[in-house]
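# Survey of secondary and tertiary structure
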Amino acid sequence: DQQVKQNSPSLSVQEGRISILNCDYTNSMFDYFLWYKKYPAEGPTFLISISSIKDKNEDGRFTVFLNKSAKHLSLHIVPSQPGDSAVYFCAVYSGGSNYKLTFGKGTLLTVNP
Amino acid sequence: DAGITQSPRHKVTETGTPVTLRCHQTENHRYMYWYRQDPGHGLRLIHYSYGVKDTDKGEVSDGYSVSRSKTEDFLLTLESATSSQTSVYFCAISEQREQFFGPGTRLTVL
């Protein structure tokens, strides 16, 4: 069973527009959520996170929204830039002392000039 | 950027041979993880470590073993490589919930 689902394998947007990447999770006990960005031939890099006690967190052009009742989070990128083209992974932390994360399968974002 | 290196960065090997991948960190982080990334599967946890000599299995641990004899080094061993273990392997480190990843090792098993 997939605990973390990114249902869109790919997304294409125009430069300057908003990119919205979505992620659904199954367990209401998850209490911390993260987004990672990955360029080809590089390791994933941490982008932004949100705790379950919040419903929004912003960092520059990146905003993450959390809807706990729907078990859904989204990453908004405004404005989108060609350098944002990458695979984006959603990840969840389910508690425990070993800080294990469970990742979604990723969404490939392409920002067209 | 967190100081994490992986070696080798690329390796081609034959079915049935043993392979060891190394992850080295300079951050003195307690937790270390090995993932594999495959198309259609995202990142899947193989094994992790929560201290020197303390390791445990992840979701796809069959065919893999790990060792951590020093804080800075976490080794992943494929005892007898199979073609299904062709993948990109990432090491990660953490002290809290954010994990920081190394550059990856691309392994091809022929």
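This text goes with the structure placed above it.
To start, this report covers the structure provided alongside it.

Attention now moves to the sheet that holds strand S8 (residues 72-77) of chain A. Across the sheet, five strands lie side by side as S1-S3-S8-S7-S6 (chain A); this open sheet has antiparallel pairing. This sheet does not close on itself; its edge strands, each paired only once, are strand S1 (4-5) and strand S6 (56-59) of chain A.

Moving on, we come to the pattern of salt bridges. All names here are of chain A. Across all of its chains, the model carries seven salt bridges over all chains by this definition. Across the salt bridge formed by Arg61 and Asp84, the nearest N and O atoms sit 2.8 Å from each other. With a gap of 23 residues between them, Arg61 in the loop between S6 and strand S7 (62-67) and Asp84 in the loop between S8 and strand S9 (86-93) connect regions that are remote in the sequence. Residue Arg61 is classed as partly exposed on the basis of its relative accessible area of 22%.

What follows deals with the pairing of S9 of chain A. All names here are of chain A. Taken across its eight residues, S9 has seven buried, putting it largely inside the fold. Relative to S9, strand S4 (residues 32-38) runs antiparallel, the two being bridged by seven bridges. Note that in S9 the partner of Leu34 across the bridge is Ala91. Pairing of S9 with strand S11 (residues 107-112) involves three bridges; the strand directions are antiparallel. Paired with Tyr88 across the bridge in S11 is Thr107. When S9 meets strand S10 (residues 101-103), the two strands line up antiparallel, connected through three bridges. Of the residues in S10, the one forming a bridge with Ala91 is Phe103.

Criteria and thresholds
- Residues numbered from 1 in each chain as written.
- Chains lettered and ligands numbered in written order.
- Predicted model: local features only at pLDDT ≥ 70, side-chain atom pairs only at ≥ 80, totals over all residues.
- Heavy atoms only, no water.
- Pairing = 2+ DSSP bridges.
- Helix = DSSP H or I, 4+ residues; strand = E, 2+ residues; numbered from the N terminus.
- Salt bridge = Lys/Arg side-chain N within 4 Å of Asp/Glu carboxyl O.
- Buried < 20%, exposed > 50% of the residue type's maximum accessible area, 1.4 Å probe, protein only.

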